[in-house]
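# Residue-level structural notes
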Amino acid sequence: MPATSVQEWIQNVIKPEENEKYKTNGLNFIQAGRIEELLRSQLHPEKAYIRDIIAKSLQLERLEPEETAALLNCTDPELWEEMFAAGLKIKQKVYGRRIVTFAPLYISNHCVNSCVYCGFRSENKQSQRMQLNDEQLQAEIKALVEKGHKRLILVYGEHPDSDVHYISHTLEIAYAVKSGPGEIRRCNVNAAPMSIDDLRLLHEAGIGTFQVFQETFHPDTYRRLHPRGIKAHYEWRLYALHRAMEAGVDDVGIGALFGLYDWKYDVMGLLLQSIDLEKHFDGVGPHTISVPRLEPALNTPFLEKNGSAIDDETFKKLVTILRLSVPYTGMILTAREPAEVRQQVIPLGITQIDAGSNIAIGGYHQDSPDYQRQQFILGDNRSLDEAIADLAAMGYITSFCTAGYRCGRTGLDFMGLAKQGKVHNLCMPNAILTFKEYLLDYASPDTQAIGEKLIASELAALPNPKVKEIVTDYLNRIEAGERDLFL
Ligand code: SAM
Ligand code: SF4
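Structural notes, computed from the coordinates. Remember, predicted model here, so these are calculated numbers, not experimental data.

With that settled, consider the side chain of T329. Looking at the secondary structure, you find T329 in the loop between α15 (312-325) and β9 (330-333). For T329, a relative accessible area of 1% gives the class buried. Among residues more than four places away in sequence, those in contact with T329 are Y95, P286, H287, T288, I289 and R323.

Okay, here's the thing in structure tokens:
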């Protein structure tokens with residue numbers, strides 16, 4: 001696209017006035033100096049203070065920024081063991097032993113932006129550009145449904161060709177495809193920040209969660225890494241999810257791309273974004289926080305010399321601190337991470353993963369890991385069935401549940417349940433029921449065997465006898481051929 005047309009398009013899309021009401025005295029909620037000062041003010045936290053903070057998290061209370069800053073500065077190995085254990089306890093208390101599973105579906109990689117770390121940046125001439133047409137999209141969805149997927153995140157580059165009308169059209173197609181006993185029941189979207197009017201259209205099209213990652217909250221670094229295009233506008237992105245909530249999309253997903261800047265600063269940024277959303281939307285913060293780490297990408301030299309990459313130990317710490325800071329918020333760990341890292345990090349507080357992922361555009365139905373149509377290189381290339389068997393061996397039920405969204409348990413309703421630690425009263429039964437469907441319709445014999453044992457033990461562990469009775473009845477009905485039964 002010629003540079004002048006891109007500029008005109010950007011001028012038409014961005015409406016800075018839509019952000020104004022969320023600012024305080026004209027300032028946004030990320031003030032770099034304040035975050036640095038908070039981190040400095042808690043440099044040597046006392047043991048007793050850290051233990052008080054852990055106790056507060058265990059009560060499922062959201063932490064204040066100075067408390068998270070203290071955790072970020074903790075270096076005592078004994079306290080770290082206590083924090084890891086607390087993360088695990090919180091996850092168990094709020095979400096139970098279940099992991100919600102989805103697949104990413106890349107739909108278009110046309111992009112006007114220049115994010116220096118991304119294989120899709122407009123300057124990357126080695127990237128093969130592609131936008132799925134209706135037939136290709138149907139073929140992709142069919143391939144995913146036939147593997148057993150029920151939940152997707154649809155991913156798009158930032159370009160006039162993938163505007164809200166195109167995205168809504170793709171949602172309509174995704175929900176319409178049926179194959180055998182399967183269908184997609186929830187589509188989340190990761191796409192460019194939009195205006196409130198466009199977000200209303202997305203809401204009407206049946207979007208699940210709208211996800212936008214800030215990448216880094218550090219304004220100077222952000223500017224350097226996003227030199228051109230619509231993404232160069234830091235505040236348009238910073239308030240993308242405030243606008244989504246205002247438009248009625250009340251499940252929103254935030255994230256930072258770890259490895260771009262100081263991880264402690266960006267953990268603080270995620271907490272401040274959660275707090276600001278809670279402040280403006282009746283206590284409803286983000287539905288999920290994603291913790292992507294930078295991965296290698298085709299013809300992307302920035303990634304070879306980047307000095308902010310974080311190691312696995314640090315990664316575990318940042319996941320744990322986020323778990324303690326916002327105990328009731330879902331956390332997503334993607335297949336960017338290799339299987340061994342996922343096995344270690346999931347117990348620390350992760351609630352959702354993708355599995356059986358292929359991020360080449362058209363890759364599911366063509367079954368090709370074509371790097372020229374891929375944004376970056378994945379770390380975990382196991383099939384859905386292998387990943388599910390592995391989770392089961394770790395004692396986790398894979399949930400394909402989409403009932404919450406379809407029963408209106410989103411936004412305020414979901415947050416209310418999560419904050420009282422009651423989500424698993426509904427979610428664990430629904431996890432069991434959707435897991436049963438998967439085992440009957442798609443699982444290999446080995447996965448079936450280990451999965452059935454897990455269902456039996458989780459069913460026995462359901463605390464409410466009435467719920468147990470309903471779930472037992474539903475399991476029998478599923479065995480007899482019914483599908484999509486939920487509480
Ligand atoms: N184009 C939209 C955007 O940038 O928000 C939506 C999709 S983008 C394809 C999804 C996310 O991928 C980005 O928000 C970024 O965090 C992540 N990403 C980009 N390059 C990456 C890389 N090299 N390694 C890991 N994640 C990357
Ligand atoms: Fe485009 Fe998103 Fe990649 Fe940036 S991260 S170049 S906006 S696809």
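Read on for the rest.
Okay, the nonpolar core next. One finds Y117, F210 and L318 to be the most contacted residues of the largest nonpolar core, which totals 150 residues. Take this core: its biggest share by element is 9 residues, from helix α13 (residues 263-280). Among the nonpolar cores identified, the runner-up in size contains 8 residues, and V6, I10, I230 and W236 belong to it.

Further remarks concern the site of ligand 1. Around ligand 1, the structure places 20 residues, and the nearest of them are N190, E215, K231, R237 and E295. A distance of 2.9 Å separates a nitrogen atom of ligand 1 from a polar backbone atom of Y117. In the environment of ligand 1, a nitrogen atom lies 2.9 Å from a nitrogen or oxygen atom belonging to the backbone of E295. Within the complex, the protein chains bury 97% of what would otherwise be the 560 Å² of accessible surface of ligand 1.

A word on helix α8 (residues 164-176). When the terminal C-alpha atoms of α8 are compared, their 18 Å separation across 13 residues agrees well with the 18 Å that a helix rising 1.5 Å per residue should span. Every buried residue belonging to α8 is among V164, Y166, I167, S168, T170, L171, I173 and A174, and all of these are buried. Against β1 (98-108), α7 (134-147), β2 (151-156), β5 (186-190) and α9 (196-204) lie the buried residues of α8.

As a further point, take the packing of helix α22 (residues 445-461) against helix α23 (residues 465-479). In contact at an axis separation of 9 Å, α22 and α23 are set at 150° when each is read in the N-to-C sense. By the criterion of interaxial angle, the relationship of α22 to α23 is roughly antiparallel. The interaxial crossing formed by α22 with α23 has left-handed handedness. Packed against α22, whose contacting residues are I455, L459 and A460, the element α23 presents K468, V471, T472 and L475 at the interface. Split into classes, the residues belonging to the contact of α22 with α23 amount to 5 nonpolar, 1 polar and 1 charged.

This part takes up the pattern of salt bridges. Within the structure shown, the criterion is met by 37 salt bridges. In this structure, E20 engages K23 in a salt bridge whose closest nitrogen and oxygen atoms are separated by 3.3 Å. The partly exposed category is assigned to E20, whose relative accessible area is 41%. Classification of K23 as buried rests on a relative accessible area of 16%. The shortest N-O distance in the salt bridge between K178 and E183 comes to 3.5 Å. Residue classification places K178 among the exposed positions, given a relative accessible area of 53%.

Rules used throughout
The numbering scheme is per chain: residues are counted from 1 as the chain's sequence reads. Chain letters start at A and ligand numbers start at 1, both assigned in the order the entries are written. Where totals are concerned, whole chains, interfaces and linings use all residues; where local detail is concerned, this predicted model gives features only for residues with pLDDT of at least 70, and gives and counts side-chain atom pairs only at 80 or more. Side-chain calculation: all heavy atoms of the structure are included, whereas hydrogens and water are not. The secondary structure listing takes helices from DSSP runs of H or I that are at least 4 residues long and strands from runs of E that are at least 2 residues long, numbered from the N terminus. Summary of the burial criterion: residues with accessible area below 20% of their type's maximum are buried, those above 50% are exposed, and those between are partly exposed, where the area comes from a 1.4 Å probe applied to protein chains only. Whether two residues are in contact is decided by their heavy atoms, any of which lying within 4.5 Å being enough. Definition of nonpolar core: a set of buried residues of the types Ala, Val, Leu, Ile, Met, Phe, Trp, Tyr and Cys, connected through side-chain atoms within 4.5 Å. Neighbouring residues are identified by heavy atoms, a residue being near a molecule or strand if any of them is within 4 Å of it. The term polar contact refers here to a pair of N or O atoms within 3.5 Å; inside protein, the definition further demands a hydrogen-donor-capable atom paired with an acceptor-capable atom, and it admits residues adjacent in sequence only when both atoms are side-chain atoms. The Shrake-Rupley method, run with a 1.4 Å probe sphere, supplies the accessible areas, and residue values consider only the shown protein chains as cover. Here, expected helix span is obtained from the residue count minus one, scaled by 1.5 Å. For helices, the fitted axis covers only the stretch in contact; all axes are lines through C-alpha atoms, and the angles between them, taken along N-to-C directions, range from 0 to 180 degrees. With respect to orientation, any angle under 35 degrees is reported as roughly parallel, any angle over 145 as roughly antiparallel, any angle of 65 to 115 as roughly perpendicular, and every other angle as oblique. Here a crossing is taken to be left-handed if its near helix is turned anticlockwise relative to the far helix by less than a right angle, and right-handed if that turn runs clockwise. Each residue gets one label: Ala, Val, Leu, Ile, Met, Phe, Trp, Tyr, Cys and Pro are nonpolar, Asp, Glu, Lys and Arg are charged, and the others, such as Gly, are polar. We define a salt bridge as a contact between a side-chain nitrogen of Lys or Arg and a carboxyl oxygen of Asp or Glu at a distance within 4 Å.

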